Amino acid sequence: MLRYIAFRSLVALFLVWIVVTIVFLLLHLIPGDPAELLLSGGNVAADPQAVAAMREKMGLNAPLWQQYLDHMAGVLSGDLGVSFRDGAPVIEQIALRLPRTLEVIIAAALIATGIGVPLGTYAAIRTDGKADAVISLFASAALSTPVFVVGSVVILIFAQQLRWLPAGGFVAFTEDPAEHLKLLLLPAGTVALSLLAVITRMSRASVLEVLQRDYVRTARAKGLPVRAVLRRHVVRNALIPVLTVLGLEMGTLIGGTVLVEFVFNWPGLSGYLVSAVDARDYPEVVGIVMTISVLFVLLNLVVDVVNAALDPRISLGR
Amino acid sequence: MKRSTRKLIIPGTIVALVFALVVLAPVLPLQDVRGMDIPNRFSGPSAAHWLGQDGFGRDVMSRLIWGGRASLFIAVGSALLAAIAGTMLGLLGGYFRGVVELFTVRAVEIILCLPPLLLALLVVAILGAGTWPLILALTILYTPNYTRVVYAATQQVRSLDFVTAQQAMGTHPMKILLRTILPNVLPPLLVQMSLVVASAMVIESGLSFLGLGVVPPTPSWGLMIREARGAMELAPLLLVWPSLALAGTILTFNLLCDRLQSALDPRAITAGGALWLRPRGPKKPLTPLPAPQDAPLLQITDLSIAARDLELVRRVTLSVRPGETMALVGESGSGKTLTGLAMTGLLPDTLRLTGGSALYTRRDGTRIDLATLDEEAMRQLRGDEISMVFQDAAASLNPVLRIGDQVAEAITAHTTLSGEALSARVVALLRQVGIPDPERRLRAYPHELSGGQRQRAMIAVAIAGNPRLLIADEPTTALDPTIQAQILALFAQLRRDTPGMGMIFVTHDLAVVAEIADRVTVMYAGEIVEEGPVAEVFTRPRHPYTAALIASVPESGATRLTAIPGAVPLPHAMPTGCRFAPRCAHATERCRERAPQAASPAPNRITRCLRWEEVT
Amino acid sequence: MTHHTPNAPLIEASHLGRNFPQRQGLLGRARDVWAVNDVSLSVAKGETVGVVGESGCGKSTLGRILMGLDAPSRGGVRFDGRDLATLSGAERRKLSRRMQMVFQDPFGSLDPRRTIGAQIADGLITHAIVPRAEVNAEVARLLEQVGLPAGAAARRPHEFSGGQRQRIAVARALSTRPDFIVADEPVSALDVSIQAQVVNLLMDLRRDLDLAMLFISHDLHVVRHLCTRIVVIYLGRIVEEGPAEQVFGSPAHPYTRALLAATPSLHPRADSADGVLPGDLPSPVNPPSGCAFRTRCPLAEEACARAVPPLTSVGTGWNAACIKATPGGKP
């Protein structure tokens, strides 16, 4: 088991390395000079001499392979470089903003799972009934509405019309816990809605599939009460694929919360990436992409380990 | 038209309408999409502008349709391009495996290491905003999805015998790929396609919303929502229209995808769920009847089972005495398994009893009619009075529960046993069914046992409640000969150990019947054709079907086997007269006209043949 | 084409071995798992060799190797004097005209999306058996040969029953006019009354076309009925081979005896429960030392664990791999 995790972590590191390399090369091979971008304000062309000096300072004049090696050496020693824009260490910015993004995702996952699993199970038990039709339609609709639409509409309803909640912004938890949670509610709820749709649909499909399994018939043949059949045999087995999907969806959300952060003015990691890409701030972009990939790959590993713990048929490294 | 196909009509029509609208946008009598009208900015709906005007006074409806054109062009275009690339990679990787797989499937999977929106963002940031960069970004993004789907389907198809047959035929691999494999991976590809169109629209609109997608003044739904947000308080409707259009279109594509999936995948669950979970009607009172002194354990009379209007089992009559083993034998489709399942109330939801009775004598000496019991009354009998052993033990045991727990559960369902006493009973049961080292094996999961051991565990589950009637449904069919012999010996042992237990042994194998049963009931096309003591029936069958069945077993030493021509009739095309007549060597005009009644050639024996006296 | 004497084998396998390296988990050392080990056999024209054994014993792998669909890790296959391993892809495809296969699953062996006529015609066209203009007539003739109406060619597989599909598969195999057919459990998925139809068809074809046939099955009754020679396999190795009458009439290897005793019969012997073999098939990942059968063998003794017993002659053309082999002897 431990050997397996060690092996998978190595594979994960390898994948992250490939991703970072690709991003690094892409950024450096495409047109667009960060020094020029930084120095040119509005429609005024930058002074060529100043740009040259800036390039030298940023280390952009060295051969590409040397820039790459320097960068990788930095990464290995835990140094992600400094931002082109403000000279601050990239790692500090990431340490500041990553928790904010994770907070939204975890809150959303908790809401979605807590509601989605019972809802999906109930729909499956009442297949083709009215409750199933309503739940399935709701799930389809929620799944089909992009987050920024949901976000805009909830702002319109809860902030503009009803004035129950603030339209967006951020206050640190340490400063004002109540206000922090209040501000968290809309973004987390918006992310939760689409996640809820996925979890509900998956739970429904999974329960329906398990209900057709022979071992459920065996459980009934034992004369077990309906509740026991459902709890021990149906829901328990049905949960395994649901948790897998939840894990993968959360992975997608890291870095996928750009739109929500934009809509609600939530200063998380994804929004930071967009502005970094815009400014061609190489160290920032590479640093953020690397953080996101590490988390993404790590989460996939966690999903596999959890799966193996729940399903004895999957054996890891044994 | 099938129900699943019919359900495609609504989303299919809407998708077609949306496509027609955006394709015809240039010829429709729409307002100029860029025509500004600043004085009338934010005007509500009017006769000239059905959906109102936006912040520059432009016609919203016109922009909505043109915006849909841009969104759909990008989404469909990238879905198609990604489909072509992904299909090629997936086909090659799935068919040739090895190095080819590494350079196709594994290579594109690196893309999956990046969150999708992030990837799109990177590409657009690099290439700049606009329609074509978006299409490229989305194509790169979705190629791995197709590759994976096609790869999985290809692997599945390539292991099928008809592909091996093509290889054995000496067909060129490329020809096999295009002619044999590609058509067979198309259904999942189609489903994936509609899924990707929906998903691509989400990402396209998201990027446009961020200002990284379609470049203004080209209209796009994402852009319209972005612009409307600024004026949310002034004109909330401006936000509503594009949101509705976007969500509605994506919803339709998702619906289409769902329904396409269930129409293309025959295994998809279309109806039912599980009716046993829903108690229906008021609880029926149980009416036990006193049983006569020598009543059989089970007396089935004229039992019929039907699926909607198709009768699958017709007027089955048979009885099982305590201690007796009755073999129910027949080919596939004969109704033997259904008859067994009906006795435990475990018939599939689509089937129901349509007539007859099944009187069962309980431990306390009273009789009840199994055919009238509701789910709860049936549940109390199951495992306690009547138990069942299923054919496929690997599928019939819960894969995530330990063997010991599954046996224990069967005990606790009807007793209050717990703790030490319970585990001692579990160990004793496992030992009884011949599982070696039961103290340790009870902690094993089903997949850790061999096929024979699993079937033994299945039998332990069935006998855990000391049932008085054991129904075994083809319990040895999937096993190897030496293991089958072990399980048959176990059943023989069980009969000796529990002399009062009756058994219904469902099988298609006549030789197994000869080894295990006292009496045999032969079923054909949903009817009983012959019944009697095993030795008598096998030495002198009194129905032409039984006789032909025995003669077709390659054990006689005859140089040529007796083959029964034709095939078992299907339920919706049952012959009017004797159901065996079309395949019977002795059939006459009379047989084809009249269904024969059961006749009794000797005490204890039954045959359903008009001509038994002449031909047997 | 080489001319061969009546008794010369058409296909000859010598010391075939096929291993599937199996990793214990992701990191464990790869272990050799021998699905087929040191198997030699030959099939001559007009001869039907039955291969019997329990699931996982390697009999299907053996069939695939003889067909050239899988390459042996050791040993080689010669077809009509030519070593399959030395052939190029194109040569191998050309040779495939002469060797064909019939599969177990009547539902998986035909492409659900194409008409059966088109599928039978594939072989005719690939190998240019008949001129293009005569393909349809030839398909009709093949269908009639297996007892189906010529009009069936335009229909798709789902319109046929299991037995009919199996006959279509036979027609497809016959289309290239092969000399050698591997039939891998062709009747086990069929109902008893239908099995006899296909068995009879195969017997007729062998007689009429002078085919060499390898018939793989776990059903001893069918094998005994159809085959002239029998090969019994246990855990990848041949334990007994010889003429059908001898092997089934007076088996020399204790496994063959146990297999026969375990096969249910319409006329059960009174003592049938006594001959039941204990235990399970050992895992091929971790086979017992020496004779693989010794863990379940009623006759096993210390010497059996020492070395794999070689196939030794117990009669004319009849061999058994057991140090205590006693032809016809009762255990």
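Residues numbered from 1 in each chain as written. Chains lettered and ligands numbered in written order. Predicted model: local features only at pLDDT ≥ 70, side-chain atom pairs only at ≥ 80, totals over all residues. Heavy atoms only, no water.

Trainee: Please clarify how the interface of chain B and chain A should be interpreted in this entry.
Mentor: If you look at the interface, chain B gives 68 residues, while chain A gives 72 residues. In total, chain B and chain A occlude about 6300 Å² of area from one another, counting both sides; carbon and sulfur atoms represent 69% of this. A salt bridge links A:Arg232 to B:Glu409; the nearest nitrogen and oxygen atoms lie 2.4 Å apart. In this structure, the connection of chain B to chain A is made through 17 residue pairs in polar contact (both at pLDDT 80 or more). Among the elements that line the side of chain B that touches chain A, the one with the most residues is helix H10 (residues 236–264) of chain B, at nine residues. When its residues are assigned to classes, the side of chain B that touches chain A shows 43 nonpolar, 15 polar and 10 charged. (Contact = heavy atoms within 4.5 Å. Buried area = accessible area lost by both parts, 1.4 Å probe. Salt bridge = Lys/Arg side-chain N within 4 Å of Asp/Glu carboxyl O. Polar contact = N/O pair within 3.5 Å; in protein donor to acceptor, adjacent residues only side chain to side chain. Helix = DSSP H or I, 4+ residues; strand = E, 2+ residues; numbered from the N terminus. Nonpolar A, V, L, I, M, F, W, Y, C, P; charged D, E, K, R; others polar.)

Trainee: So what exactly am I meant to see when it comes to a positive patch on the surface here?
Mentor: On the surface, B:Arg3, B:Arg6, B:Lys7 and B:Arg308 cluster together into a positively charged patch. Note on placement: B:Arg6 falls in helix H1 (residues 3–6). (Patch = residues over 30% accessible without salt bridge, like charges linked within 9 Å, V, L, I, M, F, W, Y side chains within 5 Å. Areas by Shrake-Rupley, 256 points an atom, 1.4 Å probe, with all protein chains shown as cover. Lys, Arg positive; Asp, Glu negative; His and termini not counted. Charge placed at Lys NZ, Arg CZ, Asp CG, Glu CD.)

Trainee: Explanation requested: the nonpolar core in the structure shown.
Mentor: One recurring pattern in soluble globular proteins: nonpolar side chains tend to sit buried together. A:Val285, A:Val289, B:Tyr142 and B:Ile181 are the most contacted members of the largest nonpolar core, which totals 137 residues. Sort the elements by how many residues they give to this core and helix H8 (residues 173–210) of chain B lands first, with 15 residues. Each of two domains, domain 1 (2–76) and domain 2 (93–310) of chain A, supplies a minimum of three residues to this core. When near neighbours in sequence (up to four residues on either side) are disregarded, B:Ile181 contacts B:Leu91, B:Tyr95, B:Thr154, B:Val157, B:Arg158, B:Val163 and B:Ile176. (Core = buried A, V, L, I, M, F, W, Y, C linked by side-chain atoms within 4.5 Å. Buried < 20%, exposed > 50% of the residue type's maximum accessible area, 1.4 Å probe, protein only. Domains from an automatic or database assignment.)

Trainee: Sorry if this is basic, but what is going on with empty space enclosed by the protein here?
Mentor: Empty space among the atoms can be located by rolling a probe the size of a water molecule over them. Enumeration according to the criterion identifies six cavities of 30 Å³ or more in this entry. When its volume is computed, the largest cavity comes out at roughly 90 Å³. Forming the walls of the largest cavity are B:His543, B:Pro544, B:Cys578, B:Phe580, B:Ala581, B:Cys584, B:His586, B:Cys591, B:Pro596, B:Cys609, B:Leu610 and B:Arg611. Looking at the lining of the largest cavity residue by residue, the class counts come to nine nonpolar, two polar and one charged. The space that makes up the second largest cavity amounts to roughly 70 Å³. Residue lining of the second largest cavity: C:Pro254, C:Cys291, C:Arg294, C:Cys297, C:Leu299, C:Cys304, C:Pro309, C:Ala321, C:Cys322, C:Ile323 and C:Lys324, and that is the complete set. (1 Å grid on protein atoms, 1.4 Å probe; cavity = no way out; pocket = protein on both sides within 12 Å on 5 of 7 lines; lining within 4 Å. Points joined across faces, edges and corners; volume = space filled by probe spheres on them.)

Trainee: Even after reading the chapter, I still don't get the side chain of C:Gln166, so can you show me in this structure?
Mentor: Residues and elements named next belong to chain C. Within the secondary structure, Gln-166 sits in helix H5 (residues 162–174). Separated by 2.8 Å, the side chain of Gln-166 and the backbone oxygen of Phe-103 make a polar contact. With sequence-adjacent residues up to four places away left out, Gln-166 is seen in contact with Phe-103, Gln-104, Pro-106, Ser-109, Pro-186, Leu-190 and Val-198.

Trainee: Would you explain the domain arrangement of chain A in this entry?
Mentor: Accessible area lost when the parts come together is the quantity often used to give the size of an interface. Residue and element names in this part refer to chain A. Under the domain assignment used here, chain A contains domain 1 (2–76) and domain 2 (93–310). Each partner contributes to the interface: domain 1 provides 20 residues, whereas domain 2 provides 15 residues. On inspection of domain 1 and its partner domain 2, the count reaches zero salt bridges. For the pair domain 1 and domain 2, the number of links is zero residue pairs in polar contact (both at pLDDT 80 or more). Of all elements in the fold, only helix H1 (2–29), helix H2 (34–39) and helix H4 (64–76) reach the threshold of two or more residues within the side of domain 1 that touches domain 2.

Trainee: Mind showing me how you'd approach the sheet that holds strand S5 (residues 48–52) of chain C here?
Mentor: Within a beta sheet, neighbouring strands are joined by backbone hydrogen bonds and run either parallel or antiparallel to one another. Residues and elements named next belong to chain C. Here we have eight strands laid out as an open sheet, ordered S8-S9-S10-S5-S11-S12-S14-S13, and mixed in their pairing. At either margin of the open sheet sits one strand with a lone partner, and together these are strand S8 (99–102) and strand S13 (312–315). Strand-to-strand twist of the sheet, defined as the mean angle between neighbouring strand axes without regard to direction, takes the value 25°. Sheet topology places S5 next to strand S11 (residues 229–234); four bridges connect them, and they run parallel. Opposite Gly-50, over in S11, you have Ile-230 as the bridge partner. (Pairing = 2+ DSSP bridges. Axes fitted to C-alpha atoms, helices over the stretch in contact; angles between N-to-C directions.)

Trainee: Looking at this structure, I do not really get the pattern of salt bridges. What am I missing?
Mentor: Here the idea is simple: oppositely charged side chains can pair when their charged atoms come close. Applying the stated criterion to the full structure yields 42 salt bridges over all chains. We note a salt bridge from A:Arg201 to B:Asp258, for which the minimum N-O separation is 3.1 Å. Here B:Asp258 lies in helix H10 and A:Arg201 lies in helix H8 (residues 177–211), a pairing that spans two chains. For A:Arg201, a relative accessible area of 28% translates into the label partly exposed. According to the relative accessible area criterion, B:Asp258 is partly exposed, its value standing at 26%. Here B:Glu376 ties to B:Arg379 by a salt bridge, and the two come within 3.0 Å at their closest N and O atoms. Remark: B:Arg379 and B:Glu376 occur in helix H12 (residues 375–381); sequence separation between them is three residues, near one turn of the helix. According to the relative accessible area criterion, B:Glu376 is partly exposed, its value standing at 30%. Through salt bridges with shared partners, a single ionic network connects B:Arg560, C:Asp204, C:Arg207 and C:Asp208.

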